[in-house]
Amino acid sequence: MKHLTILFCLIFLFSCDKRKDFFTNQNIPSTGYLKLTDPLNSLTSTINGNSVIDTLKLGQSFTFTFQITDENQYLNLKFDGDGELKMDGASFTQNDITRNDKHSFVWTSNLIGDNNFQLIFKDKYGAETIYNYKIIIFKNRIPKISWLIKDIGILSPYEKEIDVSGLDGDDLYGGKIIYYQYIINQDTTLFTGNKMKYIFPGQGLYNISVRAKDNDDEWSDPVIISNYPI
Amino acid sequence: MNKIFLICCCFFLIGEIQAQGNLVKGSRFISVKYGASKYSFPRFVQGELGFCLNRKFVSRIGIGYEGGNVDNTRFNNVYLTPDLIYNIFSYHNKFSLNFGLGAVGGTENLESRVEKNWNSSLIYGGRGIAEIEYCISQKVSLKGEFSQWYVNNSDLGNLFFLGTIGFSFLIN
């Protein structure tokens, strides 16, 4: 009896059972199709596989549509991370969705800096497809300008034109330069145009400084040339 | 837990009159068995008709049904199992140890537990058998059996191991 017990224990221990979950094994994760709906986002986003990186000005929103395909009819979608998400106009965190339906999304955040969030699609077999978003929010970008002096000489031989070029740092996000400050020695002029004519008192060396102010009420760094010869 | 249960099943013995030592050529018997596999805990029911070739060899033909779940896959399989069993030794005509080989043919029917998906296939293969018999009375015996199965064309897996316990009834 003892030998039989040992024999059967050995048979049992050396047995082999390799059954597998057929339907789970042949299940494949879902595939999503992302489309950025804001023309601005199309210019600034980088899409790399399932990852999206973009920059956004504080107060603006990131909009896109998403369509998911899968052999299963229903999927679970979960929003996880920074900011708030609306799906088809309603606040969204997690819900079941139907395959092939197209949904519109609007994401917003008040957090300046890196904002990371994920859209996680999970089918009934537990297979997940994750889409990662990194949105870098900035408050404002100051203008960047340069200038040069052109000779005019119509009203006076010392009549010049200061010609300023440059854009607001967040011009792509709707930023604008609203006016310029021209400082010639102690003479300060605020002018909305980027070309200003000026009659210098006479021949000599002048300290000339120009800076620009944007619609977010921030000044650019001044561009100064000391002892400019006229 | 499954292993302990199966070991206890196979050694919960009473006896069998056809402990091969009392078998004569031409004896016939029917068996009914119930069991489970090692990996999952499905239902396995088998009925067999046996025929004694001589004091050492018994041939039998059986029909078995196995049902169970492997995670998200539910399966219901039907097997046809012709076997040839050899008696290793008998003890006082009360107790016998038998080994055998058998063929397997049948259908494998799979169903998804989360979606409306099905899959069926014909399977075929073989199995190795280790069996203990113990007499209860002149006509009835108790059998415990381990069998290692190998099947081809299976989506569940080629290898599985079954343990069964059942009764055998001498017909003549």
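That block above? That's the structure.
Residues numbered from 1 in each chain as written. Chains lettered and ligands numbered in written order. Predicted model: local features only at pLDDT ≥ 70, side-chain atom pairs only at ≥ 80, totals over all residues. Heavy atoms only, no water.

## Thoughts on the overall build of chain A
In terms of regular secondary structure, chain A is built from three helices and 18 strands. Expected size for 230 residues packed as a compact globule is a radius of gyration near 17 Å; at 32 Å, chain A overshoots this value by more than 25%. Dimensions of chain A, computed from the C-alpha atoms along their principal axes, are close to 125 × 40 × 25 Å. Looking at the 230 residues of chain A, the share that counts as buried comes to 39%. Taking the intrachain contacts of chain A between residues at least 6 apart in sequence as the baseline, contacts between residues at least 24 apart amount to 60%. As displayed, chain A offers around 12,600 Å² of accessible surface, 51% of which is attributable to carbon and sulfur atoms. Looking at chain A, you have 23 positive and 28 negative side-chain charges, and the mean spots of the two groups are 5 Å apart. (Helix = DSSP H or I, 4+ residues; strand = E, 2+ residues; numbered from the N terminus. Rg over C-alpha atoms; globule rule 2.2 N^0.38 Å. Buried < 20%, exposed > 50% of the residue type's maximum accessible area, 1.4 Å probe, protein only. Contact = heavy atoms within 4.5 Å. Areas by Shrake-Rupley, 256 points an atom, 1.4 Å probe, with all protein chains shown as cover. Lys, Arg positive; Asp, Glu negative; His and termini not counted. Charge placed at Lys NZ, Arg CZ, Asp CG, Glu CD.)

## Quick notes on the sheet that holds strand 10 (residues 113-122) of chain A
All names here are of chain A. What the six strands build is an open sheet, ordered 2-3-11-10-5-8; its pairing is mixed. Single-partner strands in this sheet number two, and they are strand 2 (46-48) and strand 8 (94-98). This sheet shows a mean twist of 20° between the axes of neighbouring strands, independent of strand direction. As defined by bridge partners, strand 5 (residues 74-81) adjoins strand 10 across six bridges and the pair is classed as antiparallel. When the sheet's bridge partners are listed, Phe79 is paired in strand 10 with Leu119. (Pairing = 2+ DSSP bridges. Axes fitted to C-alpha atoms, helices over the stretch in contact; angles between N-to-C directions.)

## Some words on the interface of chain B and chain A
Listed per partner, the contact involves 38 residues of chain B and 23 residues of chain A. Counting each side, the surface lost to burial between chain B and chain A is near 2,800 Å², with a carbon and sulfur contribution of 66%. Put simply, chain B and chain A have one salt bridge between them. A salt bridge links A:Arg19 to B:Glu66, with the shortest nitrogen-to-oxygen separation between them at 2.7 Å. At the boundary of chain B with chain A, the tally comes to 12 residue pairs in polar contact (both at pLDDT 80 or more). Contributing elements (two or more residues each) for the side of chain B that touches chain A: helix 1 (2-10), strand 3 (57-70), strand 4 (73-91), strand 5 (95-112), strand 6 (118-135), strand 7 (140-152) and strand 8 (159-170) of chain B. (Buried area = accessible area lost by both parts, 1.4 Å probe. Salt bridge = Lys/Arg side-chain N within 4 Å of Asp/Glu carboxyl O. Polar contact = N/O pair within 3.5 Å; in protein donor to acceptor, adjacent residues only side chain to side chain.)

## Focus on the packing of aromatic side chains
All names here are of chain A. Evaluated as defined, the whole model comprises 28 aromatic pairs over all chains. Pairing Tyr198 with Phe200 gives two aromatic rings, centres 4.9 Å apart and planes at 80°, and the pair type is edge-to-face. Tyr198 gets classed as buried once you look at its relative accessible area, which sits at 15%. By relative accessible area, which is 1% here, Phe200 ends up buried. Aromatic pair Phe200 and Tyr206: ring centres 4.8 Å apart, planes at 65°, arrangement edge-to-face. The pair Phe200 / Tyr206 is uniform in exposure class, with both members buried. Through a chain of ring-to-ring contacts, three or more aromatic side chains come together here, namely Phe62, Phe64, Phe79, Phe105, Trp107, Phe117 and Tyr133. Here the guanidinium or amino end of Arg211 rests over the ring plane of Trp219, the centre of that ring lying 4.0 Å away. (Phe/Tyr/Trp six-rings, centres within 6.5 Å; stacked < 30°, edge-to-face > 60°. Lys NZ or Arg CZ within 6 Å of the ring centre and 35° of its normal.)

## Structural notes on the environment of B:Val32
Residues and elements named next belong to chain B. With respect to the helices and strands, the residue Val32 is situated in strand 1 (residues 28-37). With 73 residues separating them along the chain, Val32 and Gly105 place their C-alpha atoms 19 Å apart. In contact with Val32, not counting residues within four places along its chain, are Gln46, Ile165, Gly166 and Phe167.

## Re the sheet that holds strand 18 (residues 223-229) of chain A
All names here are of chain A. One open sheet accounts for four strands, arranged 15-14-17-18; its pairing is antiparallel. Sheet topology places strand 15 (187-191) and strand 18 at the edges, where each strand pairs with a single neighbour. For this sheet, the mean angle separating the axes of adjacent strands, direction not counted, is 15°.

## Considering the nonpolar core
All names here are of chain A. In this structure, Phe62, Phe64, Phe66, Trp107, Leu119 and Tyr133 are the most contacted members of the largest nonpolar core, which totals 23 residues. Of all the secondary structure elements, the ones that give two or more residues to this core are strand 3 (51-57), strand 4 (62-69), strand 5, strand 6 (84-87), strand 9 (102-108), strand 10 and strand 11 (128-138). Those residues within four positions of Trp107 in sequence are excluded, and the remaining contacts are Leu56, Ser61, Phe62, Phe79, Asp82, Gly83, Glu84, Leu85, Asn115, Phe117, Ile135 and Ile137. (Core = buried A, V, L, I, M, F, W, Y, C linked by side-chain atoms within 4.5 Å.)

## Topic: the pattern of salt bridges
Residues and elements named next belong to chain B. All chains considered together, the criterion is met by 21 salt bridges over all chains. For Glu48, the salt bridge goes to Lys33, with nearest N and O atoms at 3.0 Å. Placement of Glu48 in strand 2 (residues 43-52) and of Lys33 in strand 1 is noted, with a sequence separation of 15 residues between them. Given a relative accessible area of 4%, Glu48 falls into the buried group. Residue classification places Lys33 among the buried residues on the basis of a relative accessible area of 3%.

## Considerations on unusual backbone geometry
With the exception of glycine, the majority of residues adopt a negative phi angle, and the majority of peptide bonds are in the trans configuration. Look at A:Asp88: it is not a glycine, yet its phi comes out positive at around 55°. Note that A:Asp88 resides in the loop between strand 6 and strand 7 (90-91). With relative accessibility at 44%, the residue A:Asp88 sits in the partly exposed group. Positive phi, close to 55°, is recorded for B:Asp71, a residue that is not glycine. Inspection of the secondary structure puts B:Asp71 in the loop between strand 3 and strand 4.

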